[in-house]
Amino acid sequence: MTFARSLTFAAAGVTLALGLGAAGAADAQTKMKFTLDWAFQGPTSAFLVAEQKGYYKAAGLDPTIDAGQGSAGALQRVATGAYEMGFADINALIEYNAKNPEAPVKAVMMGYDAPPFGVYALKSSGIKTPKDLEGKKLGAPVFDASFKLFPSYAAKVGIDKSKITYVNLTPPLREPSLKNRSVDFISGHYFSSILDLEKIGVKQEDVIAFPYADAGMDFYGNAVVASPKFIKENPAAVKAFVAATVKAWKEIVANPEVGIKAAKTRDGLIDEALEMKRLKMSIERNVVTKYVKENGFGGVDMARLQRSSDAVAAAIGLAKAPKAADLFEEGFLPPKAERMMK
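Conventions adopted
- Residues numbered from 1 in each chain as written.
- Predicted model: local features only at pLDDT ≥ 70, side-chain atom pairs only at ≥ 80, totals over all residues.
- Heavy atoms only, no water.
- Buried < 20%, exposed > 50% of the residue type's maximum accessible area, 1.4 Å probe, protein only.
- Helix = DSSP H or I, 4+ residues; strand = E, 2+ residues; numbered from the N terminus.
- Pairing = 2+ DSSP bridges.
- Axes fitted to C-alpha atoms, helices over the stretch in contact; angles between N-to-C directions.
- Parallel < 35°, antiparallel > 145°, perpendicular 65-115°, else oblique.
- Left-handed = near helix turned anticlockwise from the far one by under 90°.
- Contact = heavy atoms within 4.5 Å.
- Nonpolar A, V, L, I, M, F, W, Y, C, P; charged D, E, K, R; others polar.
- Core = buried A, V, L, I, M, F, W, Y, C linked by side-chain atoms within 4.5 Å.
- Arc of directions from axis to C-beta.
- Phe/Tyr/Trp six-rings, centres within 6.5 Å; stacked < 30°, edge-to-face > 60°.

Colleague: Account for the pairing of strand β3 (residues 85-89), with residues named and values stated.
Modeller: With five of its five residues buried, β3 lies for the most part within the structure. Across two bridges, the pairing between strand β1 (residues 30-35) and β3 is parallel. Paired with Phe34 across the strands is Met85, a residue of β3. In the sheet, β3 pairs with strand β10 (residues 222-226) via five bridges, with the strands oriented antiparallel. Looking at β10, one finds that Ala88 is bridged to Ala223.

This is the structure we're talking about:
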């Protein structure tokens, strides 16, 4: 059976499974493991909503959802087959596939249509423009997507990257290091760094942010990815997972409290007020973009993705940029009408 034909059969199975009256959906549950890129937080709560409300179960799935320790680690989990699917930065996927072209991991649903990447400094440092970052210390984990893409940002805004001192920090030390001035600026996801700084007593109005998107950098952010083996052997499960996740994501966009409740159920120690801010920030800045409002959630513009792949390759010195078709498989998405968001 060809891949395209198998997806045709898969579509019928998903339609039945997600119609809540599906006979036998719970009788043959597909067990699978799904890894997040980071902790249980507001922006990733859609996966928990789909799990806790039974959307995955209704689709014939029995996923185990685990926290992660970064996109690179999440991709490694999926690529090795330890996990069937995951949520990871597509720019890290570009790097992985460029270095492992024989068995590329593919994205099957885009989560962050607009990238959350950026760099952040304290206004009291005197930094006012990107050019002011020259001669300063940038602190971040070396695997951080914003850190890896900083050379591309620097080229875009006219910063001489050779005039930057790079300091490798573990994630827990990133924001505290900015607060105590052991580094001059940090890189990270906007909805993470801004709110993690707030958590340790730094007010948002005391931070100057330079989001990469504001400089016209047309990157994508995190996407749902699947292992080559799982895509080949169980395309129906991949399609079912995506459809159930889209359903949950639409629900939390309409009512973010649903997402925070799900995250709190999974991790009782989260700060609900902080995670609500984080979730709303991610929805407004990264999820429900102009493109998503016009074209539906979860898909990509393949020409834009190719430009992103080319830019990432140039930024981190890859010999060849992966083709967009080797990064994203559109066939697992529900119809556009089912993916529309306001």
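Moving on from the model shown.
Colleague: Give a detailed account of unusual backbone geometry, specifying residues and quantitative values.
Modeller: Trans peptide bonds make up the majority, and among non-glycine residues the majority have a negative phi. One non-glycine residue, Arg181, adopts positive backbone phi at about 70°. On the secondary structure map, Arg181 appears in the loop between α8 (171-179) and β8 (185-189).

Colleague: I'd love a proper account of the packing of α8 against helix α9 (residues 190-199), names of residues and values included.
Modeller: α9 packs onto α8 with a crossing angle of 60° between their chain directions and a minimal axis gap of 10 Å. The pairing of α8 with α9 is recorded here as oblique in orientation. As for how α8 packs across α9, the hand of that crossing is right-handed. Between α8 and α9, the residues in contact are Arg174, Glu175 and Leu178 and Ser193, Asp196 and Leu197, respectively. Tallied by class, residues from the contact of α8 with α9 come to two nonpolar, one polar and three charged.

Colleague: Describe the pairing of strand β9 (residues 207-211), naming the residues involved and giving the relevant values.
Modeller: In terms of burial, β9 is a largely internal element, four of the five residues being buried. As paired strands, strand β5 (residues 117-122) and β9 are joined by five bridges and run antiparallel to one another. Bridge pairing in β9 links Tyr120 to Ala209.

Colleague: Summarise the sheet that holds β10; cite the residues concerned and give the values.
Modeller: Spatially, the five strands line up as an open sheet ordered β2-β1-β3-β10-β4, and their pairing is mixed. Each edge of the sheet is formed by a strand with only one pairing partner; in this case those strands are β2 (61-66) and β4 (106-110). Looking at each pair of strands side by side, their axes are set apart by 30° on average, direction ignored. Bridging between β4 and β10 involves four bridges; their strand directions are antiparallel. Looking at β10, one finds that Met109 is bridged to Val224.

Colleague: Could you give an account of the side chain of Thr289, naming the residues involved and the relevant values?
Modeller: For Thr289, the location among the structural elements is in the loop between α13 (272-287) and α14 (290-295). For Thr289, the residues in contact, after removing those within four places along its chain, are Asp113 and Ala114.

Colleague: Please provide a residue-by-residue account of the nonpolar core, values included.
Modeller: Counting residues in hydrophobic clusters, the biggest one holds 110 residues, and the most contacted among them are Phe47, Met85, Phe150 and Trp249. Top contributing element to this core by residue count: helix α11 (residues 235-254), with eleven residues.

Colleague: Tell me what's going on with helix α4 (residues 71-79), and back it up with residues and numbers.
Modeller: Along α4, the positions that sit buried rather than exposed are Ser71, Ala74, Leu75 and Val78. Along the long axis of α4, the arc covered by the buried residues comes to 100°, so they all point the same way. Those residues of α4 that are buried are in contact with β1, β3, α5 (90-99) and β10. Looking at the residues trailing α4, positive phi occurs at Gly81, about 85°.

Colleague: Quick one: what's the story with the packing of aromatic side chains, residue by residue and with numbers?
Modeller: Applying the stated rule across the entire model yields 16 aromatic pairs. Residues Phe47 and Trp249 carry aromatic rings whose centres are separated by 5.7 Å and whose planes lie at 80° to one another, so their mutual orientation is edge-to-face. Remark: Trp249 occurs in helix α11 and Phe47 occurs in helix α2 (residues 45-52); sequence separation between them is 202 residues. A network of ring pairs unites the aromatic residues Phe34, Phe47, Tyr56, Phe87, Tyr112, Phe191, Phe241, Trp249 and Phe297 as a single cluster.

Colleague: For the packing of α9 against α13, give the residues involved together with the corresponding values.
Modeller: Across the interface, α9 lies against α13 with an axial gap of 9 Å and an inter-helix angle of 150°. Classed by the angle they form, the pair α9 and α13 counts as roughly antiparallel. Every pair of crossing elements has a handedness; the one defined by α9 and α13 is right-handed. In this structure, α9 contributes Tyr190, Phe191, Ser192, Leu195, Asp196, Glu198 and Lys199 to the contact, and α13 contributes Leu274, Lys277, Arg278, Met281, Ser282, Arg285 and Asn286.

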